[in-house]
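# Examining the three-dimensional arrangement
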Amino acid sequence: MAQLRAFEAARAKGAEMPEIVCFEKQSDWGGQWNYTWHTGMDGTGETAHSSMYRHLWSNGPKECLEFSDYTFDEHFGRPISSFPPREVLFDYIAGRVEKSDVRKYIQFNTAVRWVTYDKSSEEFTLVSQDVNTGESKTYIFDKLVVSSGHFSTPNIPEFEGINTFPGEVLHAHDFRGAERFGGKKLLMIGSSYSAEDIGMQAHKMGAASITMSYRSGPMGYDWPSTTVERPLVTRFEGSTAHFADGTSDEFDAVIMCTGYLHKYPFLPSELAVKSANVLYPGNLYKGVVWQQNTNLFYLGAQDQYYTFNMFDAQAWFARDVMTGKITLPPADQRSVDIKSWLDAQDALADHDAEADFQTDYVRELIQATDYPEFDLDAVSTLFKDWMRHKSEDILGYRDKAHRSVITGTMAEVHHTRWINAMDDSLERYLNGPSQNVDTNAMATLDPNIILTKER
Ligand code: NA7
């Protein structure tokens, strides 16, 4: 969507539009934000792309991901809260591309099966397949932009004895809702965003207990009384999990929040990113251009503080390289540049430094293009405020309001606290609770106060 919008933005300024075909496996756009209830195969035999669950709300302030060429004010026509549910964010990103009239470039229900590159002709040959009819087609392209994301294919580690566990074992990718975990004892493996967020979703939905098992170290939040952190599971014995500190406990279900794999089954190995989930995967100049083949581009291959606006910055950069507006330096200079980012990544001391790192990265891309500039230092400060709010109140940080660095608009304090909000629909989000239903309406509260913790 970012890449299409980037080309459309150039066309609107008089540039010639190249011939573009965008392949989308699903029947609609939105990628991760295109929620599907199914987690395995859909009706066409394709696997689910989205890893989102039904009640997901943004876990970062929307002010950190706001498009500088399409603001929340422009889309909603009024202030909204800082941590919208998924339907609201989908509406925002879809609204921007609807307005750009780029749907015509997309072949929906069409999976890319295989791509090869011919060095002599400098062309990609791409085989696509209609997921409904099975019909395949072959195309030739000069440039290829891989924008298929890397939070879809679950990383599923093995644990001794896990096949004796009698309860449900699933990966975060397959989690769609915590209602069925009410009253249950849950074990989460992993100590990053998914463990934290799904764990607190389970708390919200009434899980009896949530145990988070870490490999590298605890998250250390001020958890509600339902929740504890333990070192890594060493083995299972029926419903009992044994932990590295010698403790053990019984559980009803296990959710592996163990991250995702970079997986590009349509690409030969020499064109596919191989990386852990890091802020700067190697081999990509400016995090975008494949080092050994500068006709190949990746968008969003990084782990992300910034999201939508970073994808834009990358797409604008990729567009300008593709059209020749940006001339790439020779390979050795590109390698030096990549190495300098990798070295800086290695030296990152903490989460604040990571936010600054990605801020510098996005800044460099934006400065190279005509993507509308915005106050990136202010966004970095927002990230740090957000992380501090999480430390102060893991159940309440989503009730805080932040100010847009683009429009200056102060977010609305949401009518319902996250912990109490059971209806996440777009309609209820925008129109508010019906009378006598919500006893925690808080639209009059000062947005700058820390909300009372609900335990
Ligand atoms: P992340 O952020 O990639 O985190 C993966 C977590 O899984 C992390 O805590 C890992 O521990 C843990 N992990 C991975 N493999 C194992 C094994 N074998 N045993 C124990 N723990 C393991 O993925 P998330 O799903 O939380 O978040 C995905 C993205 O969503 C995130 O990047 C944000 O952009 C939003 P480690 O710390 O490596 O020891």
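Cut-offs applied
Residues numbered from 1 in each chain as written. Predicted model: local features only at pLDDT ≥ 70, side-chain atom pairs only at ≥ 80, totals over all residues. Heavy atoms only, no water. Helix = DSSP H or I, 4+ residues; strand = E, 2+ residues; numbered from the N terminus. Rg over C-alpha atoms; globule rule 2.2 N^0.38 Å. Buried < 20%, exposed > 50% of the residue type's maximum accessible area, 1.4 Å probe, protein only. Lys, Arg positive; Asp, Glu negative; His and termini not counted. Charge placed at Lys NZ, Arg CZ, Asp CG, Glu CD. Near = heavy atom within 4 Å. Polar contact = N/O pair within 3.5 Å; in protein donor to acceptor, adjacent residues only side chain to side chain. Areas by Shrake-Rupley, 256 points an atom, 1.4 Å probe, with all protein chains shown as cover. Nonpolar A, V, L, I, M, F, W, Y, C, P; charged D, E, K, R; others polar. Domains from an automatic or database assignment. Contact = heavy atoms within 4.5 Å. Buried area = accessible area lost by both parts, 1.4 Å probe. Pairing = 2+ DSSP bridges. Axes fitted to C-alpha atoms, helices over the stretch in contact; angles between N-to-C directions. 1 Å grid on protein atoms, 1.4 Å probe; cavity = no way out; pocket = protein on both sides within 12 Å on 5 of 7 lines; lining within 4 Å. Points joined across faces, edges and corners; volume = space filled by probe spheres on them. Expected span 1.5 Å × (residues − 1). Salt bridge = Lys/Arg side-chain N within 4 Å of Asp/Glu carboxyl O.

Let us look at the overall build of the chain. Regarding its fold elements, the chain presents 9 helices and 19 strands. Its C-alpha atoms give the chain a radius of gyration of 23 Å, near enough to 23 Å, the size a compact globule of 455 residues would have. Taking the principal axes of its C-alpha atoms as reference, the chain extends roughly 60 × 55 × 50 Å. Looking at the chain residue by residue over its 455 residues, the buried ones come to 53%. Here the chain carries 42 positive and 65 negative side-chain charges, and the mean point of each set is 1 Å from the other.

Of all residues adjacent to the ligand, which total 20 residues, the nearest are Ser192, Ser194, Arg215, Ser216 and Asp303. The separation between an oxygen atom of the ligand and a polar side-chain atom of serine 192 is 2.7 Å. In the model, an oxygen atom of the ligand is placed 2.5 Å from a nitrogen or oxygen of the serine 194 side chain. When isolated, the ligand has an accessible area of 770 Å², and the protein chains bury 80% of it. Taken together, the residues of the shell around the ligand break down into 8 nonpolar, 10 polar and 2 charged. When residues are assigned to domains, the shell around the ligand turns out to be shared by domain 1 (2-152 + 260-390) and domain 2 (162-256), each giving three or more.

Moving on to the domain arrangement of the chain. One can read the domain layout of the chain as domain 1 (2-152 + 260-390) and domain 2 (162-256). Listed as interface residues are 19 residues of domain 1 and, on the opposing side, 15 residues of domain 2. In total, domain 1 and domain 2 occlude about 1500 Å² of area from one another, counting both sides; carbon and sulfur atoms represent 45% of this. Contact with domain 2 buries area across many residues of domain 1, yet Thr39, Tyr53 and Lys390 alone supply 42% of it, more than any other trio. Looking at side-chain class alone, the side of domain 1 that touches domain 2 contains 8 nonpolar, 9 polar and 2 charged residues.

In this section: the sheet that holds strand S9 (residues 185-189). Here 5 strands make up an open sheet; going across it, the order is S8-S15-S9-S10-S11 and the pairing parallel. Unpaired on one side and paired on the other, strand S8 (168-171) and strand S11 (227-231) mark the two borders of the sheet. Neighbour to neighbour, the strand axes of the sheet diverge by 20 degrees on average, direction disregarded. Sheet analysis places S8 next to strand S15 (residues 253-256), joined by 4 bridges and oriented parallel.

Okay, the pairing of strand S4 (residues 123-130) next. Of the pairings in the sheet, the one linking strand S3 (residues 110-118) to S4 comprises 8 bridges and is antiparallel in character. Opposite valine 115, over in S4, you have leucine 126 as the bridge partner. Following S3, the chain reverses through 4 residues before pairing antiparallel with S4; glutamate 122 in that reversal takes a positive phi of roughly 55 degrees. Strand direction decides the pairing type here: S4 and strand S5 (residues 136-141), joined by 6 bridges, are antiparallel. By the bridge assignment for S5, threonine 125 is matched with isoleucine 140.

All right, on to empty space enclosed by the protein then. Inspection of the entire model under this criterion finds 5 cavities of 30 Å³ or more. As for the largest cavity, its lining consists of 14 residues, and the residues nearest its centre are Lys62, Phe72, Asp73, Ser404 and Thr409. Taken together, the residues of the lining of the largest cavity break down into 5 nonpolar, 4 polar and 5 charged.

With that settled, consider helix H4 (residues 193-204). Between its first and last C-alpha, H4 extends 16 Å over 12 residues, near the 16 Å set by a 1.5 Å rise per residue. Counted residue by residue, H4 has 10 buried out of 12 residues, so it is predominantly covered. Those residues of H4 that fall on the buried side of the exposure criterion are Ala195, Glu196, Asp197, Ile198, Gly199, Met200, Gln201, Ala202, His203 and Lys204. On its buried side, H4 packs onto S9, strand S10 (209-214), S11, S15 and helix H8 (376-392).

All right, on to the pairing of S9 then. Counting buried residues in S9 gives 4 out of 5 residues, a clear majority hidden from the surface. Alignment of S9 against S10, held across 5 bridges, turns out to be parallel. Looking across to S10, one finds that isoleucine 189 is bridged to serine 213. Where S9 lies against S15, 4 bridges are found, and the strand directions are parallel. From the neighbouring strand, leucine 186 faces S15, where its bridge partner is alanine 253.

With the exception of glycine, the majority of residues adopt a negative phi angle, and the majority of peptide bonds are in the trans configuration. For aspartate 101, which is not glycine, the phi dihedral falls at a positive 55 degrees. Mapped onto the fold, aspartate 101 is located in the loop between helix H3 (86-100) and strand S2 (106-107). Under the relative-accessibility criterion, aspartate 101 is labelled partly exposed at 47%. At asparagine 109, a residue that is not glycine, the phi angle is positive and equals roughly 55 degrees. Within the element layout of this structure, asparagine 109 appears in the loop between S2 and S3. On the basis of relative accessible area, asparagine 109 is assigned to the partly exposed category, the value being 23%.

So, about the pattern of salt bridges. Oppositely charged side chains may form a pair once their charged atoms are brought near each other. Taken as a whole and judged by the stated rule, the model has 27 salt bridges. With a shortest N-O distance of 3.1 Å, lysine 104 and aspartate 101 are connected by a salt bridge. The salt bridge partner of arginine 363 is aspartate 360, with a shortest N-O separation of 3.4 Å. Of this pair, arginine 363 and aspartate 360 are both found in helix H7 (residues 351-367), 3 residues apart, which corresponds to roughly one turn of the helix. Overall, arginine 363 belongs to the partly exposed group, its relative accessible area being 23%. For aspartate 360, a relative accessible area of 38% corresponds to the partly exposed category. Among the charged side chains, a salt-bridge network with shared partners connects Arg5, Asp69, Arg96 and Asp312.

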